[in-house]
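The chain contents come next:
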Amino acid sequence: MTVVFSSHVSAQEFPMCTELFVSMFSFQLELSNTAILHQIRRDQVTDTCRANSMSSRKRRVLTPNDLKHLVVDEDHEMIYCYVPKVACTNWKRVMMVLTGRGKYSDPMEIPANEAHISSNLKTLNQYSIPEINHRLKSYMKFLFVREPFERLVSAYRNKFTQKYNTSFHKRYGTKIVRRQRKNATQEALRKGDDVKFEEFVAYLIDPNTQREEPFNEHWQTVYSLCHPCHIHYDLIGKYETLEDDSNYILQLAGVGSYLKFPTYAKSTRTTDEMTTEFFQNISSEHQTQLYEVYKLDFLMFNYSVPSYLKLE
């Protein structure tokens, strides 16, 4: 019996089909590798939460106030927990495009200050308890993380070394100078615009600081902002692989064909080398205490202890 294979593919077209098959196969392989990577990241969070169950699960029930960093996109059934100093301005811009129903098409056309106006995005704490539970159970949830001390230096540089951030200087700078600087001048006490990094660190590790009020969101731990021991995140993106992780998430959301995560020049970005320099003047005692404050973030998101640290 003779078997005849019928095909509409001509000899000339065959190499093109093979090429297409190879590129589709490599694309699928890339996707499956990325899926495995995110599974590893999820497992790391789960293991850390379990190993530190006493400290990580102190409060078992989240209140709506705990959910104010979780941005909801109803149309694509996504929840994004934003972390300041981890590309959150650009992610908020992207969320505005996704939730804007055609009002915006290019994230970078949205001014940065507009991205941070709370009424431009809906957060999970604005829903009823049953609505919150439904969305946490069925929506795709993701967050982005960054090496904790690099994020901290980035927050310090942005909030305390830029002259335009007068609200931070008044709100936090004056308090830090008053508490940490001996013989501070009247001008420094009044303006709070010349806080040294060593003073900022001393303020963060001072037990009175967190007794008075929670940390500001720009230097609060990711663990405290996004509650990864209570909320099961489907995807954990990293600042170090920002574009790849972001575009993978947009692909899963079904919008990757027309929406790409914005790329931009990072000339002023806080780097590992810069962070190393900032920590040179911090005593080993203070380094150790500061590491303890951010330890869960280091462990949970698989960041090793920085080589420049001199821990006691």
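Below you will find a few notes about this structure. The model shown is predicted, which means the values in this text are computed figures rather than measured ones.

A word on the nonpolar core. Counting residues in hydrophobic clusters, the biggest one holds 83 residues, and the most contacted among them are W91, F149, F200 and W219. With seven residues, the single largest contributor to this core is helix α3 (residues 88–99). Excluding residues that lie within four positions of it along the chain, F149 makes contacts with T275, F279, L290, Y291, Y294, F298, P306, Y308 and L309.

A separate point is empty space enclosed by the protein. Evaluated as defined, the whole model comprises one cavity of 30 Å³ or more. Considering only enclosed or pocket space, the largest cavity measures out at about 30 Å³ in volume. Looking at the largest cavity, the residues that line it are P148, R151, L152, H218, W219, Y294 and D297. Elements with a contribution of two residues or more to the lining of the largest cavity: α6 (148–160) and α14 (284–300). Among the elements that take part in the lining of the largest cavity, α6 stands out by supplying three residues, more than any other.

Moving on, we come to the layout of surface pockets. Reported here for the second largest pocket is a volume of approximately 770 Å³. Around the second largest pocket, the lining comprises 28 residues; the ones closest to its centre are K85, T89, S154, N158 and T268. Elements supplying a minimum of two residues to the lining of the second largest pocket: α3, α4 (112–115) and α6. In terms of residue class, the lining of the second largest pocket is built from nine nonpolar, eleven polar and eight charged.

It is worth spelling out the pairing of strand β3 (residues 140–145) at this point. The element β3 is extensively covered by neighbouring structure, given that six of its six residues are classed as buried. Of the two faces of β3, the one lined by M140, F142 and F144 and the one lined by K141, L143 and V145 are each fully buried. Direction of pairing for β3 relative to strand β4 (residues 235–238): parallel, over a ladder of four bridges. By the bridge assignment, V145 is partnered in β4 with K238.

A word on the sheet that holds β4. Strand order in this open sheet of four strands is β1-β2-β3-β4, and the pairing throughout is mixed. Each edge of the sheet is formed by a strand with only one pairing partner; in this case those strands are β1 (70–73) and β4. In this sheet, neighbouring strand axes are inclined to one another by 25° on average, regardless of whether the strands run parallel or antiparallel. Of the pairings in the sheet, the one linking β1 to strand β2 (residues 78–81) comprises four bridges and is antiparallel in character. Along β2, the bridge assignment pairs L70 with C81. Sheet contacts for α3: β1, β2 and β3; angle to β2, the most-contacted strand, approximately 160°.

Our next topic: the environment of Q162. As for its placement among the helices and strands, Q162 is situated in the loop between α6 and α7 (166–180). Once the C-alpha coordinates of Q162 and D193 are considered, the two residues, 31 residues apart in sequence, prove to be 8.4 Å apart. Beyond its immediate sequence surroundings of up to four residues, Q162 is in contact with R157 and H169.

Scoring rules and cut-offs
- Residues numbered from 1 in each chain as written.
- Predicted model: local features only at pLDDT ≥ 70, side-chain atom pairs only at ≥ 80, totals over all residues.
- Heavy atoms only, no water.
- Core = buried A, V, L, I, M, F, W, Y, C linked by side-chain atoms within 4.5 Å.
- Buried < 20%, exposed > 50% of the residue type's maximum accessible area, 1.4 Å probe, protein only.
- Helix = DSSP H or I, 4+ residues; strand = E, 2+ residues; numbered from the N terminus.
- Contact = heavy atoms within 4.5 Å.
- 1 Å grid on protein atoms, 1.4 Å probe; cavity = no way out; pocket = protein on both sides within 12 Å on 5 of 7 lines; lining within 4 Å.
- Points joined across faces, edges and corners; volume = space filled by probe spheres on them.
- Nonpolar A, V, L, I, M, F, W, Y, C, P; charged D, E, K, R; others polar.
- Pairing = 2+ DSSP bridges.
- Axes fitted to C-alpha atoms, helices over the stretch in contact; angles between N-to-C directions.

As far as function goes, none of this settles anything; it's purely spatial.
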